[in-house]
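Summary of structural features
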Amino acid sequence: MNVTGYAGIELARLLAGHPGVELVSVTGRSSAGQRIGQVFPHMANLDLTIKSELDEVDLVFSALPHHESADQLIPFIEQGVSVIDVSADFRLKDPGLYDEWYGFKHPAPELLKTAVYGLPELHRAEIRQSRVIANPGCYPTASILALGPALKAGVVGGNVIVDAKSGVSGAGRSLKLSSHFCESDEDVCAYAIASHRHQPEIFQELAGVSGDITGVTFTPHLIPMTRGILATCYAKLNNNVSETDVTAIYHDFYRDEPFVSVVSEAPHTKHTSGTNMCLVYTKIDHRTGLLICIAAIDNLIKGAAGQAIQNMNLMLGLPEETGLPRLAQFP
Ligand SMILES: NC(=O)C1=CN([C@@H]2O[C@H](COP(=O)(O)OP(=O)(O)OC[C@H]3O[C@@H](n4cnc5c(N)ncnc54)[C@H](OP(=O)(O)O)[C@@H]3O)[C@@H](O)[C@H]2O)C=CC1
Ligand SMILES: CC(=O)N[C@@H](CCC(=O)OP(=O)(O)O)C(=O)O
């Protein structure tokens, strides 16, 4: 796995403390030949050199950009090695969506049928059986976990709205003008309005939960914090649904979930920081008949590296919580 990006180094950090696996090989285009601790001082006690190619392994994580990730993973998949892809390259079932939203022709469309969307709260049984996991996007993780229970219970339908905010680490470690301190500090803006590539991913998964959903309006915002996502979602409620009904639906849906808590006050991103938790809160707006569902996650953990390890635990038959933090470091 490549460790020279934010998702990759977070994976390496969590895997290094995981009692059930050994991190044996790490790569990184920009840092090949260097000790991991030379590039990331907080990892200095890990005895690993970053290479340009992976050694022989039993399971590969990829935290490469989309398109590059599929190109590098396909040979491993063909050799029967289990893979968990943190990029978007195996998330969408319809190959045409890669041309439309990502601007490339998918190099192995036949694999999209067998890859499993790695959101354990929806697909746990299939993840256990799979060798190719498409780890969900950060915004989709929060959005789907916020809206899924209400759609599944049939208490909302139609078009849903997701208004989401992300910390700047969501944009990756690679240099970009929009993530420079002077550009992003003390600034908030919406971006990719009605055109963000997570829209088809959110729709695909929520449509799999309920045919009553007709569309998703998704508006992401970049906000001046390092990590965290807050997704505030709105959906039209069917008649005669009470606050008590909705609360019971959410508690019931997430009762046995180790990494989702239904909370009684609006969650903060800081309550999830450094953890694999998703905190979900709901409230009915009686004046408009809308259900408001809010989810908070750490984009680099439940939104990327932590969820990838949760998927690995399921694939390997390990206890699902192994090696994954549940308590936030606060403040
Ligand atoms: N950041 C987040 O919150 C989340 C990210 N993701 C996904 O995870 C993946 C990585 O994201 P993130 O860690 O944020 O990105 P970063 O920009 O932080 O890291 C990108 C990584 O990919 C490597 N890389 C880039 N281009 C190439 C290439 N052409 N060939 C080989 N290696 C390359 C970089 O290597 P180097 O720098 O050494 O050249 C680096 O290791 C993306 O697909 C992203 O969409 C998914 C969920 C959340
Ligand atoms: C703040 C920010 O720029 N976020 C990124 C999310 C990237 C990401 O995580 O992409 P995948 O989940 O699809 O891999 C963006 O909006 O493009």
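Numbering of residues starts from 1 in each chain and follows the order in which that chain's sequence is written. Here chains are named by letter from A upward and ligands by number from 1 upward, in the order in which they appear as written. Given that the model is predicted, a residue must reach a pLDDT of at least 70 before its local features are reported, and side-chain atom pairs must reach 80 or more before they are shown or counted; all residues, however, enter totals for whole chains, interfaces and linings. Derived side-chain values reflect all non-hydrogen atoms in the structure, with water molecules and hydrogen atoms excluded from consideration.

Here we look at the UniProt feature "domain: Semialdehyde dehydrogenase NAD-binding" (unreviewed entry) in the chain
Formally: UniProt positions are given in the numbering used here, feature names are shortened, and annotations may be inferred rather than shown by experiment. Numbering goes from the N terminus for both helices and strands, where a helix is a DSSP run of H or I of at least four residues and a strand is a run of E of at least two.
The UniProt record marks residues 2-130 with the feature "domain: Semialdehyde dehydrogenase NAD-binding" (unreviewed entry), using the residue numbering of this structure. End C-alpha atoms of residues 2-130 are separated by 22 Å, and the span's content is 36% helix alongside 11% strand.

Observations regarding a negative patch on the surface
Applicable threshold: The patch calculation keeps residues exceeding 30% relative accessible area without a salt bridge and links them within 9 Å when they carry like charges or within 5 Å when they are nonpolar (Val, Leu, Ile, Met, Phe, Trp, Tyr). Computed with a 1.4 Å probe, the accessible areas rest on the Shrake-Rupley method; for each residue, only the protein chains presented here act as cover. Put simply, a salt bridge is a Lys or Arg side-chain nitrogen that is within 4 Å of an Asp or Glu carboxyl oxygen. For the purpose of charge, His is not counted, nor are the chain termini; Lys and Arg are scored as positive and Asp and Glu as negative. Charge coordinates come from a single atom per side chain, which is NZ of Lys, CZ of Arg, CG of Asp or CD of Glu. Only protein chains enter the accessibility calculation, which uses a 1.4 Å probe; a residue whose area is less than 20% of its type maximum is buried, one above 50% is exposed, and one in between is partly exposed.
On the surface, E183, D185, E186 and D187 cluster together to form a negatively charged patch. Its location among the elements puts E186 in the loop between α8 (181-184) and β8 (189-190). For E186, a relative accessible area of 73% corresponds to the exposed category.

Some details on the site of ligand 1
Going by this rule: What makes a residue near a molecule or strand is one non-hydrogen atom of that residue sitting within 4 Å of it. Here a polar contact means two N or O atoms within 3.5 Å. Within protein one must be a hydrogen donor candidate and the other an acceptor candidate, and residues neighboring in sequence count only if both atoms are side-chain atoms. For the purposes of this description, domain bounds are those given by an automatic or database domain assignment.
Inspection of the region around ligand 1 gives 27 residues, with T4, S30, L64, R173 and S174 positioned closest. Interatomic distance of 3.0 Å between a side-chain N/O atom of N2 and an oxygen atom of ligand 1. Taking G5, its main chain carries an N or O atom lying 3.2 Å from an oxygen atom of ligand 1. Contact with the protein chains removes 85% of the 890 Å² of surface that ligand 1 exposes when unbound. Elements that contribute at least two residues to the shell around ligand 1 include exactly α1 (6-16), α3 (68-78) and α11 (301-316). Two domains share the shell around ligand 1, each providing at least three of its residues, namely domain 1 (6-137 + 302-316) and domain 2 (138-300).

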